[in-house]
Amino acid sequence: MRIHPEVADALAAGRAVVALESTIISHGLPHPGNLQIARDIEACVRAAGAVPATIAILDGQPQIGLDDDALHRIATGTTAVKVSVREIAMLAAAGGDGATTVAATAHLAAAAGITVFATGGLGGVHRGAQETYDESADLTALSRTPVLVVCSGVKSILDIGATLERLETLSVGVIGYRTERFPAFYLADSGHRLDWWIQNPEQAAAVLRARDRLGTKGYGLVLANPISAEAELDRALHDRVLAEGLAAAEAAGVRGKDVTPYLLGHFHRATHGASVAANVALVLGNARLAAEIAVAYATG
Ligand code: PSU
Ligand code: MN
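Residues numbered from 1 in each chain as written. Chains lettered and ligands numbered in written order. Predicted model: local features only at pLDDT ≥ 70, side-chain atom pairs only at ≥ 80, totals over all residues. Heavy atoms only, no water.

Enquirer: Residues and numbers for the site of ligand 1, please.
Expert: Taken together, the neighbourhood of ligand 1 is formed by 16 residues, with Glu21, Lys82, Ser136, Asp138 and Lys155 sitting nearest. At 2.6 Å from an oxygen atom of ligand 1 is found a side-chain nitrogen or oxygen belonging to serine 136. Threonine 260 has a polar side-chain atom sitting 2.8 Å from an oxygen atom of ligand 1. In the complex, the protein chains occlude 93% of the 470 Å² of accessible area that ligand 1 would expose alone. Ranked by residues supplied to the shell around ligand 1, first place goes to helix α2 (residues 23–28) with three residues. For the shell around ligand 1, the per-class residue count stands at four nonpolar, seven polar and five charged. (Near = heavy atom within 4 Å. Polar contact = N/O pair within 3.5 Å; in protein donor to acceptor, adjacent residues only side chain to side chain. Areas by Shrake-Rupley, 256 points an atom, 1.4 Å probe, with all protein chains shown as cover. Helix = DSSP H or I, 4+ residues; strand = E, 2+ residues; numbered from the N terminus. Nonpolar A, V, L, I, M, F, W, Y, C, P; charged D, E, K, R; others polar.)

Enquirer: Kindly report on the UniProt feature "binding site: substrate" (unreviewed entry) in the chain, identifying the contributing residues and their values.
Expert: Residues annotated in UniProt with the feature "binding site: substrate" (unreviewed entry) correspond here to Lys82, Val102, Ser136, Ala137 and Asp138. The annotated residues occupy 57 residues of the chain but converge on a single region, no pair of C-alpha atoms lying more than 13.0 Å apart. In this view, lysine 82 contacts Thr23, His27, Glu87, Ala99, Thr101, Lys257, Thr260 and Pro261; residues no more than four positions away in its chain are not counted. Within the secondary structure layout, aspartate 138 lies in helix α8 (residues 137–142). Judged by its relative accessible area of 6%, aspartate 138 falls in the buried class. In this view, aspartate 138 contacts Thr101, Val102, Ala103, Leu122 and Gly123; residues no more than four positions away in its chain are not counted. (UniProt positions renumbered as here; feature names shortened; annotations may be inferred. Contact = heavy atoms within 4.5 Å. Buried < 20%, exposed > 50% of the residue type's maximum accessible area, 1.4 Å probe, protein only.)

Enquirer: So what's going on with the pairing of strand β2 (residues 17–20)? Residues and values would help.
Expert: Covered by surrounding structure in β2 are Val17 and Ala19 together with Val18 and Leu20, the residues of both alternating faces. Inspection of the sheet shows β2 paired to strand β3 (residues 51–58) by four bridges, in the parallel sense. Of the residues in β3, the one forming a bridge with valine 18 is proline 52. Bridge count between β2 and strand β7 (residues 116–118): three bridges; the pairing is parallel. Looking across to β7, one finds that leucine 20 is bridged to alanine 118. (Pairing = 2+ DSSP bridges.)

Enquirer: Help me get a handle on the UniProt feature "active site" (unreviewed entry) in the chain, residues and values and all.
Expert: The UniProt entry lists Glu21 and Lys155 under the feature "active site" (unreviewed entry), expressed in the numbering used here. Structurally, glutamate 21 can be placed in the loop between β2 and α2. Once residues within four sequence positions are removed from consideration, glutamate 21 is found in contact with Thr54, Ile55, Thr100, Thr101, Val102, Thr105, Phe117, Ala118 and Thr119. Counting through the fold element by element, lysine 155 comes out in the loop between β8 (148–151) and α9 (160–169). Aside from chain neighbours lying at most four places away, what touches lysine 155 is Ile160, Ala184, Phe185, Tyr186 and Leu264.

Enquirer: So what about the packing of helix α3 (residues 33–47) against helix α4 (residues 68–76)? Which residues, and what values?
Expert: At their nearest, the axes of α3 and α4 sit 9 Å apart, and the two run at 135° to each other. As judged from the angle between their axes, α3 and α4 are oblique. Regarding α3 and α4, the two cross each other, and that crossing is right-handed. Along its contact with α3, which presents Asn34, Leu35, Ala38, Arg39 and Glu42, the element α4 presents Asp68, Leu71, His72, Ala75 and Thr76. Across the contact of α3 with α4, the residue classes break down as four nonpolar, three polar and three charged. (Axes fitted to C-alpha atoms, helices over the stretch in contact; angles between N-to-C directions. Parallel < 35°, antiparallel > 145°, perpendicular 65-115°, else oblique. Left-handed = near helix turned anticlockwise from the far one by under 90°.)

Enquirer: How would you explain the packing of aromatic side chains if you had to name every residue and give the values?
Expert: Taken as a whole, this structure holds two aromatic pairs when the rule is applied. With 4.8 Å between their ring centres and 35° between their planes, tyrosine 186 and phenylalanine 267 make a pair best called tilted. Here the residue tyrosine 186 occupies a position in the loop between β9 (173–177) and β10 (197–198), and phenylalanine 267 occupies one in helix α12 (residues 259–270), the gap between them amounting to 81 residues. In this structure phenylalanine 267 comes out as buried when scored by relative accessible area, which is 2%. (Phe/Tyr/Trp six-rings, centres within 6.5 Å; stacked < 30°, edge-to-face > 60°.)

Written out as structure tokens, the structure is:
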């Protein structure tokens, strides 16, 4: 594993660091705008006083923190494959490039000693999972990885109720940020109630400190930060595009790790970029909040 010198210095000095995912860059957002979005996410983290550590695999070596050339390679190259935790060793042995999912990013972040992690949306239980067994490894990874993931819930392409049930079973804590409702990525409210919510970054840091003291450190936490009302996707448009996308994926026989990128790509095309704008707005908000929490946790 290579830790970028700026990240290594910050960790050694106990300063705030925020881990960032790379699959959202390579597979979740359309080219060519994705490179600038990756830079903007890092800039948001810096503006709030923390050091960004975008995580990816280059030539088989996990990288904790990317310089601009590396970010460019992940965003615009065609070589980076989507990598979950189980694939890290295979890709390392083969020497290839990989963009890490929430699961793989959380794993590598924790191994590097980073606690706070920002992304757009978690993976979860897919609709029809009773038959397909399609459940993201993000959920099981979080059940054994000591990170706090700041995200905007899970996309409505998933079975949100089932995802929340699985998070409960897996002992992954779910906290709303200034909301009592679990968000649905492009939409602020999935309709599912949460038992816990907080109002400011200091309260998130207090949860992390309590977790460190009380022996529940092995389990991940999800902080669900809803998209703002101004940036939310129109609900009628959302529902129509979602139904079309699910039908198209079924008809095309899309399976395995291609399902999530396929549905995201469908949203981007069918909404003529409105879903990309929403995605960018929410991920920037999550990066800023994660940085504020990392600062509060580092200074507390
Ligand atoms: N949610 C998004 N955008 C994304 C992803 C999720 O809004 O790009 C990516 C993340 O990297 C997540 C992965 O970890 O998809 C989940 O994929 P799967 O369902 O194959 O586990
Ligand atoms: Mn899957």
